[in-house]
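# Coordinate inspection notes
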Amino acid sequence: MSEGSARGPNIRDIESLRIERPAAPPQKRRFAPVAIALVLALVIAAGGYAIYARTLGRPLSVQTAIVSVKSGSQPGVLLTGSGYVVTQHKYIVIGTKILGQIVEEPIEEGQHVRNGDLLARIDDRDYQAQLHQAIADRDLAAANVKLKEAQAARTRELFRNQAVSRDQLDIAENALAVAQAELRRASGAIDYARFNVGQCVITSPIDGIVLQKYRELGDTINYGGNIQAGGGSTDIVQLADTTDMRAEVDINETDIAKVMMGQPVAVIPDAYPDKSFAAFVAKIYPEADRQKGTVKVEVKLRDPDLRIIKPEMSAKVTFMAGEGHSSVARLVIVPKKAIITEGAASVVWVVRDGAAYRMAIAAGREFQDGVEVRSGLDGGEMVIVEPPSDLKGGSRVATTGP
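Thresholds, definitions, all that
- Residues numbered from 1 in each chain as written.
- Predicted model: local features only at pLDDT ≥ 70, side-chain atom pairs only at ≥ 80, totals over all residues.
- Heavy atoms only, no water.
- Pairing = 2+ DSSP bridges.
- Helix = DSSP H or I, 4+ residues; strand = E, 2+ residues; numbered from the N terminus.
- Axes fitted to C-alpha atoms, helices over the stretch in contact; angles between N-to-C directions.
- Phe/Tyr/Trp six-rings, centres within 6.5 Å; stacked < 30°, edge-to-face > 60°.
- Lys NZ or Arg CZ within 6 Å of the ring centre and 35° of its normal.
- Parallel < 35°, antiparallel > 145°, perpendicular 65-115°, else oblique.
- Left-handed = near helix turned anticlockwise from the far one by under 90°.
- Nonpolar A, V, L, I, M, F, W, Y, C, P; charged D, E, K, R; others polar.
- Buried < 20%, exposed > 50% of the residue type's maximum accessible area, 1.4 Å probe, protein only.
- Contact = heavy atoms within 4.5 Å.
- Salt bridge = Lys/Arg side-chain N within 4 Å of Asp/Glu carboxyl O.
- Expected span 1.5 Å × (residues − 1).
- Core = buried A, V, L, I, M, F, W, Y, C linked by side-chain atoms within 4.5 Å.

## Quick look at the sheet that holds strand β12 (residues 245-252)
Backbone hydrogen bonds are what pair the strands of a sheet, in a parallel or an antiparallel way. With antiparallel pairing, the 6 strands of this closed barrel are ordered in space as β3-β12-β15-β14-β13-β16. Across the sheet, the axes of successive neighbouring strands diverge by a mean angle of 40°, strand direction being ignored. Pairing of strand β14 (residues 277-289) with strand β15 (residues 294-301), which is carried by 7 bridges, proceeds in the antiparallel orientation. Looking at the pairing, V281 lines up with V299 of β15.

This is the structure:
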């Protein structure tokens, strides 16, 4: 028996008989693959939703406007143009037909004058002398006529008594005719001299405003003298008739059918944008400008404020709907770009509860701020301006203002 057997079992032999069991894995590692799969699923879902929200699921962004309503007492704007303030007779140049030195001129540019007010006075001493001479010549001719009438009467009596020949009678009657002609010529000379004297006093023929003076006190009017630009040889002053203030504007040929005589108009000077003056169409020129493709129109201001309104001022001229349209109880206006024309039909896209819906309308007159809707809209609706071509009924839209 060996030594080991004698001493009992060997410890190593006992250790060799022990059964080794594998250690259990940590509990948390069992759920790791599931958690990873769940996270991946969430990431994919989030990414898909983001892509969907940015593409197919995102509401279409559109620009919108509100359909407006105007009452019949507020006529709609048909069209607007830019023009200038003028007067009915444009500008009147006042002058004289004689030559001489200006000895009085009590006016200045911008001054308002009335009919009959003195504009200038010319030295008339030489013209007064001519008038006196013409009167003296007339008196001399009248005395000569009286003499020739007496001589002719005696000659006729002598001829009836056969005391003088026919030739002598003819000579006497011819002398009388010459004397009468001299008297008429002398009378005409007086009229001409009086006219020249009257031309020495220049007065205003209208109520107006002084635009420009061509002469100054002390200037001599002669055909070879120097004058300001724009004036003639005998022109003195330029006036504007303030009793009939107007504004003239060029209207495009395509819009002239919207303008008619008597149509209400609003005139707003560019220098005073907060001031509006009522006016009406007073003249439509019969001829168009071929090069510009426009027709000139004049509007007359009903009650101009001459402290504000001045000739040649630029102004905005707005043409309103005519008087015949004032009986309309209400006017529904939709922006022109919101209307889609399909042949003879017109449609708009209306937004309700965040969705777009197609609606047919009956379009009427076109104004400056939109198009009249005779049926299909009541006013206050939200419509899409310039609707996209791929818009479908019921599509979700995100609205933005104008």
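Having seen the structure, we can now continue with the description.
## Focus on the packing of aromatic side chains
Under the counting rule described, the total for this entry stands at 0 aromatic pairs. Looking at R166, its charged tip hangs above the ring of F159, at a distance of 5.3 Å from the centre. The residue whose ring lies beneath K296 is Y285, and the NZ or CZ to ring-centre distance is 5.8 Å.

## Here's the deal with the pairing of strand β7 (residues 118-122)
Sheet analysis places strand β5 (residues 100-104) next to β7, joined by 2 bridges and oriented antiparallel. Along β7, the bridge assignment pairs I102 with I122.

## What about the packing of helix α4 (residues 125-160) against helix α5 (residues 166-199)?
Orientation of α4 relative to α5, taken along the N-to-C sense of each, is 165°, at an axis distance of 7 Å. Judged on the interaxial angle alone, α5 and α4 are roughly antiparallel. Where α4 crosses over α5, the handedness of that crossing is left-handed. A breakdown of the residues in the contact of α4 with α5 according to their chemical character gives 20 nonpolar, 9 polar and 9 charged.

## Quick look at the environment of E182
On the secondary structure map, E182 appears in helix α5. On the accessibility criterion, E182 (31% relative accessible area) is partly exposed. Placed 38 residues apart in sequence, E182 and N144 show a C-alpha to C-alpha distance of 8.9 Å.

## Let's talk about the side chain of N196
On the secondary structure map, N196 appears in helix α5. Leave out the neighbours within four places in its chain, and N196 touches I98, Y127 and Q130.

## Observations regarding the pattern of salt bridges
Under the counting rule described, the total for this entry stands at 16 salt bridges. Look at the salt bridges and you will find they share partners, linking E108, K213 and E216 into a network.

## A word on the sheet that holds strand β8 (residues 201-203)
Across the sheet, 4 strands lie side by side as β8-β7-β5-β10; this open sheet has antiparallel pairing. Both edges of this open sheet fall to β8 and β10 (220-221), since each of them pairs with a single strand only. Note: β7 against β8, 3 bridges, orientation antiparallel. What sits directly across from A120, in β8, is I202.

## What to know about α5
Here α5 is 34 residues long and its end C-alpha atoms lie 50 Å apart, about the 50 Å a rise of 1.5 Å per residue gives. Buried-residue contacts for α5 involve β4 (91-95), β7, α4 and β8.

## Describing the nonpolar core
The nonpolar side chains of soluble globular proteins are, as a tendency, buried together. One finds V265, V267, V297, V299 and F319 to be the most contacted residues of the largest nonpolar core, which totals 26 residues. Contributions of two or more residues to this core are made by β3 (77-87), β12, β13 (264-269), β14, β15, β16 (314-320) and β17 (330-334). The greatest single-element share of this core, amounting to 4 residues, is contributed by β12. Setting aside residues no more than four positions away along its own chain, V265 makes contact with F277, A278, A279, F280, V281, V299, V317, T318 and F319. The next biggest cluster of nonpolar side chains, apart from the first, holds 23 residues, and it includes L119, A120, Y127 and V197.

That is the geometry; function is a separate question.
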